[in-house]
Amino acid sequence: MKHSDTDIIIAGGGLAGATLALALARVAPALRVTVVETFPLSSDALPDSYQPSYDARSTALAWGSRLIFEELGLWSRLSEHATPIQHIHVSDRGRFGATRLNAREYQQEALGYVVDNRWMGLCLMRELLDAQTQWQAPAEVVGMTPTEQGVQVSLKTGSETTTLSAQCLIVADGGRSGLRETLGFQASHHGYNQNALVANVSTSDSHEFTAFERFTDAGPMALLPHGSPAHAGYQSALIWTLDDKELEEVLAMTDRNKCERLQSRFGWRLGRFTHIGACSHYPLSLTTVEEPVRPGVALVGNAAHALHPVAGQGFNLALRGLMTLVEQFRLADAQGRSPGDFQILRRYHELHRPDRQQTVQFSDSLIRIFGHSLAPVAAARDAGLVGLDLLPGAKRLFARKAMGTGGRRADINGPGVSHTPGPIQSRSPGHD
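Summary of the structure given here. (Residues numbered from 1 in each chain as written. Predicted model: local features only at pLDDT ≥ 70, side-chain atom pairs only at ≥ 80, totals over all residues. Heavy atoms only, no water.)

1. A closer look at the overall build of the protein
A tally of helices and strands in the protein yields eleven helices and 21 strands. Taken over 432 residues, the protein has a buried fraction of 56%. For the protein, the accessible surface area stands at approximately 18600 Å², while carbon and sulfur atoms represent 50% of it. (Helix = DSSP H or I, 4+ residues; strand = E, 2+ residues; numbered from the N terminus. Buried < 20%, exposed > 50% of the residue type's maximum accessible area, 1.4 Å probe, protein only. Areas by Shrake-Rupley, 256 points an atom, 1.4 Å probe, with all protein chains shown as cover.)

2. Some words on the side chain of T241
Within the secondary structure layout, T241 lies in strand β16 (residues 235-242). We classify T241 as buried; its relative accessible area is 1%. Within the structure, T241 has its side chain in polar contact with the backbone oxygen of P220 (distance 2.5 Å). Apart from residues lying up to four places away in sequence, T241 is in contact with Q194, N195, A218, G219, P220, L284, H308 and V310. (Polar contact = N/O pair within 3.5 Å; in protein donor to acceptor, adjacent residues only side chain to side chain. Contact = heavy atoms within 4.5 Å.)

3. What to know about the sheet that holds strand β11 (residues 160-166)
Strand order in this open sheet of three strands is β9-β10-β11, and the pairing throughout is antiparallel. Each edge of the open sheet carries a strand with a single partner, namely β9 (140-146) and β11. Ignoring which end each strand starts from, the neighbouring axes of this sheet average 25 degrees apart. Sheet topology note: the strand β10 (residues 151-157)/β11 ladder contains seven bridges and is antiparallel. For T157, the partnering residue across the bridge sits in β11 and is E160. (Pairing = 2+ DSSP bridges. Axes fitted to C-alpha atoms, helices over the stretch in contact; angles between N-to-C directions.)

4. Digging into the side chain of T287
Summarising the element assignment, T287 is placed in strand β18 (residues 280-289). There is a polar contact of 3.0 Å between the side chain of T287 and the side chain of H189. When neighbours within four sequence positions are excluded, T287 is seen to be in contact with R180, A187, S188, H189, A304, H305 and A306.

5. Concerning the pattern of salt bridges
Applying the stated criterion across every chain, the model contains 15 salt bridges. The shortest N-O distance in the salt bridge between D411 and R330 comes to 3.8 Å. Of this pair, D411 sits in the segment after α11 (392-403) while R330 sits in helix α8 (residues 314-334), and the two are 81 residues apart along the sequence. The exposure class of D411 is partly exposed, given its relative accessible area of 38%. The buried category is assigned to R330, whose relative accessible area is 10%. One salt-bridge network, held together by shared partners, links E246, E249, R261 and R265. (Salt bridge = Lys/Arg side-chain N within 4 Å of Asp/Glu carboxyl O.)

6. Quick look at unusual backbone geometry
The step from A137 to P138 runs through a cis peptide bond, and the omega angle for that step is 0 degrees. Secondary-structure assignment places P138 in the loop between β8 (134-136) and β9.

7. Focus on the environment of V33
Here V33 is to be found in strand β2 (residues 33-36). Here V33 falls in the buried class, since its relative accessible area comes to 7%. Along the backbone, V33 and L20 are 13 residues apart, and their C-alpha atoms lie at a distance of 9.8 Å. With residues near it in sequence (within four places) discarded, V33 still touches T6, I8, I10, L24, T133 and Q134.

8. Brief notes about the packing of helix α1 (residues 15-27) against helix α4 (residues 117-130)
As a packed pair, α1 and α4 sit with axes 10 Å apart at the nearest point and diverge in direction by 30 degrees. Comparing their axes, α4 and α1 come out roughly parallel. Crossing geometry of α1 relative to α4 is assigned as left-handed. Taken together, the residues of α4 that come into contact with α1 (itself represented by L15, A18, T19, A21, L22 and R26) are N117, M120, G121, L124, M125, E127 and L128. Of the residues assigned to the contact of α1 with α4, the class counts are eight nonpolar, three polar and two charged. (Parallel < 35°, antiparallel > 145°, perpendicular 65-115°, else oblique. Left-handed = near helix turned anticlockwise from the far one by under 90°. Nonpolar A, V, L, I, M, F, W, Y, C, P; charged D, E, K, R; others polar.)

Below, the structure written as structure tokens:
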């Protein structure tokens with residue numbers, strides 16, 4: 001296994017790639033890992049302190065993702081700027097149906113958390129710079145050739161192209177880099193004919209640590225509590241789906257008019273919208289790769305699947321998949337097998353596939369069901385939301401999916417591993 005330059009190359013040092021690198025450093029330190037990232041990296045570039053920005057983009061972490069970061073020894077630092085989601089309110093605008101989740105009902109302090117992407121990245125980088133992970137940055141993976149020993153990976157740095165041999169290549173550079181297609185993986189795309197407008201907003205009433213998922217005739221929207229982890233505040237992270245025409249109209253508006261349009265869509269559950277920050281936007285689609293593994297190579301994160309953001313499932317699904325991959329790499333290392341062995345990668349895919357299929361179906365079904373304005377469908381939606389609120393079994397199932405605790409949990413803490421904290425004792429009721 002040691003005849004190559006490195007054991008595992010991770011193409012992409014974003015949230016997915018960095019988390020995978022940290023997990024491998026924690027639980028399989030004998031594996032040599034090299035991260036290839038297009039942006040330069042140095043300890044001098046990391047700030048000594050973090051000051052949250054009003055316009056920072058953020059990610060919703062499910063409770064199950066918190067458990068993973070605890071196992072990796074990262075949660076104590078991450079939690080310094082993680083806003084808890086203690087309540088979730090799902091509703092259909094203009095209709096009576098609604099369902100509500102409360103963390104206290106499940107004996108947890110939160111259902112999930114909202115964390116700035118930049119803060120999460122800084123926490124990961126600080127940990128990785130202290131680990132034995134090797135970095136090639138700035139550089140880009142532009143190709144790969146299978147060999148008898150593993151893979152030969154082509155790296156581009158500026159105008160120069162070099163090669164690096166490895167046992168396995170992990171593609172973790174998102175769904176837009178083109179490396180997935182360069183390597184010949186076939187992705188399936190389903191467009192929603194919608195765009196996501198993302199911004200932070202302020203309201204006259206406190207969010208009280210409540211996340212709102214609001215379905216309207218023009219598309220779904222989500223408002224996630226954002227700001228101080230210690231005090232319920234007045235800032236929320238907005239994900240607003242718009243068709244092309246309305247997106248163009250909203251982007252051309254003044255901030256005041258944007259707030260008024262948002263008010264008419266969302267309603268008054270948070271009082272008046274008083275401010276909207278910088279807006280970014282991107283087209284929405286469901287992207288999946290049916291077979292994301294081959295001998296010596298695997299796709300993870302958005303390179304393997306990209307979901308509609310309103311249900312907040314994308315990164316949490318990716319994180320669970322990463323831990324399943326780490327579990328298989330740990331076992332391969334203990335058995336003296338190559339991490340690029342197709343049986344190892346195929347086993348990872350088989351273990352993660354049920355979670356991926358169920359989560360993709362859950363997320364896509366929400367968008368499709370709530371996208372219909374026909375009266376019979378709308379009435380069925382109302383009945384479904386009311387049923388969720390009244391039937392304990394159905395509500396618990398919905399809560400487990402929202403909390404990211406409804407599927408298989410990877411065993412990354414194997415015998416003899418001393419680089420991570422012990423198994424987490426606090427588990428949600430009914431956790432698999």
